[in-house]
Amino acid sequence: MESLWDTFLAWPAWVQALAATIFTWLMTAFGASAVFWRRSFPRKFLDAMLGFAGGVMIAASYWSLLEPALKLSEKAALPWIPAAVGFLAGGLFLRAIDAVLPHVHLGFPRTEAEGLPTRWRRSLLLVLAITIHNIPEGLAVDVAFGAASTHIPEAAVSSAIALALGIGLQNLPEGTAVAIPLRREGLGPWKSFWYGQLSGAVEPAAAVIGAATAATSLTVLPYALSFAAGAMIYVVVEEVIPEAQRGGHTDVVTMACLVGFVAMMILDVALG
């Protein structure tokens, strides 16, 4: 076991990030595989899973990304600038993608598709919406491993691993919460599974870029960490929580969000 750990530590940052995001992708696929043994779950259950995912993402945004970014900037004349600028830039980046890329959220009719007008099929628009959701998750893991490669105390490999475990933990129920509604909309089990797991494929796809960017310069690093945090919070506020509360189970969603936050906090503090 120790030799495997040593081998992992010896890998370049982009390889570590790729391995970690493949893990988060597989967790999404495992969650999506629920369509093979159940056609549906109670709406309250799916909403709770989305709330849990939102809580994990919020906690990861601070404990694994913003806090290290702020620590890295402590000696600057205005230590809050890198975190503030990066955070807002991450949100604006996702807003720009949201405004341009055609997509439609789960439970909404095709007439309420967002982004540029298109005649693409509804199933493709659904997948694109889910893909937008997963971009910041993959980016966050990638940037964390890139930061760890700089060998500074504020960004350890253990913290990056904790973040990958947390993202994988929330991808498991998220995969189910994505695939089951597609199955209810009339798609076959294999197609529902395919689209459900495909939503997580964007995470390893960004591994090399995110890790390489974070590892380039200590000056860029706090901006990159907070950029990923801003992108994650944008997705939580714009998509995850509103979608989870559409079913009217607001109390259940809120408590599940708190549980998700605490689970990610424990992971980060225990491993980081």
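Residues numbered from 1 in each chain as written. Predicted model: local features only at pLDDT ≥ 70, side-chain atom pairs only at ≥ 80, totals over all residues. Heavy atoms only, no water.

## Digging into the overall build of the chain
And step 1. Counting its regular elements, the chain contains 11 helices and zero strands.
And step 2. Considering the chain as a whole, with its 272 residues, one finds that 50% of them fall into the buried category.
And step 3. A separation threshold of at least 6 residues defines the contact pool for the chain, and within that pool the share at least 24 residues apart is 80%.
And step 4. Total accessible area on the chain stands at roughly 12200 Å², and carbon and sulfur atoms take up 71% of it. (Helix = DSSP H or I, 4+ residues; strand = E, 2+ residues; numbered from the N terminus. Buried < 20%, exposed > 50% of the residue type's maximum accessible area, 1.4 Å probe, protein only. Contact = heavy atoms within 4.5 Å. Areas by Shrake-Rupley, 256 points an atom, 1.4 Å probe, with all protein chains shown as cover.)

## Things to note about the nonpolar core
And step 1. Counting 59 residues, the largest nonpolar core has Leu65, Val141, Phe145, Leu163, Leu225 and Met232 as its most contacted members.
And step 2. Elements with a minimum of two residues in this core: α2 (13-32), α3 (43-72), α4 (81-100), α5 (122-148), α6 (157-184), α10 (221-245) and α11 (250-271).
And step 3. Ranked by size, the runner-up nonpolar core spans nine residues in total, among them Val104, Val127, Leu187 and Tyr195. (Core = buried A, V, L, I, M, F, W, Y, C linked by side-chain atoms within 4.5 Å.)

## Some points on a nonpolar patch on the surface
And step 1. On the surface, a nonpolar cluster with roughly 220 Å² of combined accessible area is contributed by Phe23, Leu165 and Leu271.
And step 2. Among the structural elements, Phe23 can be located in helix α2.
And step 3. The class of Phe23 is partly exposed, set by a relative accessible area of 31%. (Patch = residues over 30% accessible without salt bridge, like charges linked within 9 Å, V, L, I, M, F, W, Y side chains within 5 Å. Salt bridge = Lys/Arg side-chain N within 4 Å of Asp/Glu carboxyl O.)

## Considering the packing of aromatic side chains
And step 1. If you walk through the whole model with that rule in mind, you get seven aromatic pairs.
And step 2. For the pair Phe36 and Phe193, a centre-to-centre distance of 5.3 Å together with 45 degrees between the ring planes defines the contact as tilted. Residue Phe36 is found in the loop between α2 and α3, and its partner Phe193 is found in helix α7 (residues 189-198); the two are separated by 157 residues along the sequence.
And step 3. Each residue in the set Phe36, Trp190 and Phe193 is aromatic and connected to the rest through ring pairs, giving one cluster.
And step 4. The residue whose ring lies beneath Arg38 is Phe41, and the NZ or CZ to ring-centre distance is 4.6 Å. (Phe/Tyr/Trp six-rings, centres within 6.5 Å; stacked < 30°, edge-to-face > 60°. Lys NZ or Arg CZ within 6 Å of the ring centre and 35° of its normal.)

## What about the pattern of salt bridges?
And step 1. As enumerated under the stated definition, the model contains two salt bridges in all.
And step 2. Residue Arg43 is joined to Asp47 by a salt bridge in which the shortest nitrogen-to-oxygen separation is 2.8 Å. On the criterion of helical spacing, the pair formed by Arg43 and Asp47 is a turn pair, its members being four residues apart in helix α3.
And step 3. According to the relative accessible area criterion, Asp47 is buried, its value standing at 2%.
And step 4. In this structure, Lys71 and Glu67 form a salt bridge, with 4.0 Å as the shortest nitrogen-oxygen distance. You can see Lys71 and its partner Glu67 sitting in helix α3, four residues apart, about one turn around the helix.

## Examining the environment of Asp142
And step 1. As for its placement among the helices and strands, Asp142 is situated in helix α5.
And step 2. Judged by its relative accessible area of 0%, Asp142 falls in the buried class.
And step 3. In this structure the C-alpha to C-alpha distance between Asp142 and Leu225, which are 83 residues apart in sequence, comes to 9.7 Å.

## A look at the side chain of Glu137
And step 1. You can see Glu137 is positioned in helix α5.
And step 2. Lacking a salt bridge, the buried Glu137 has Arg43 as its closest oppositely charged neighbour, with an N-O distance of 18 Å.
And step 3. A polar side-chain atom of Glu137 sits 2.9 Å from a polar atom in the side chain of Gln170.
And step 4. Residues contacting Glu137, with those up to four places away along its chain left out, are Met57, Ile167, Gln170, Asn171, Glu174, Glu203 and Met232. (Lys, Arg positive; Asp, Glu negative; His and termini not counted. Polar contact = N/O pair within 3.5 Å; in protein donor to acceptor, adjacent residues only side chain to side chain.)

## Considering the confidence of the model for the chain
And step 1. Summary statistics for the chain give a mean pLDDT of 82 and a share of 89% for residues scoring 70 or more.
And step 2. Model confidence for the chain, summarised as mean pLDDT per element, is weakest for helix α9 (residues 207-216) at 55 and strongest for α4 at 92. (pLDDT = per-residue confidence, 0-100.)

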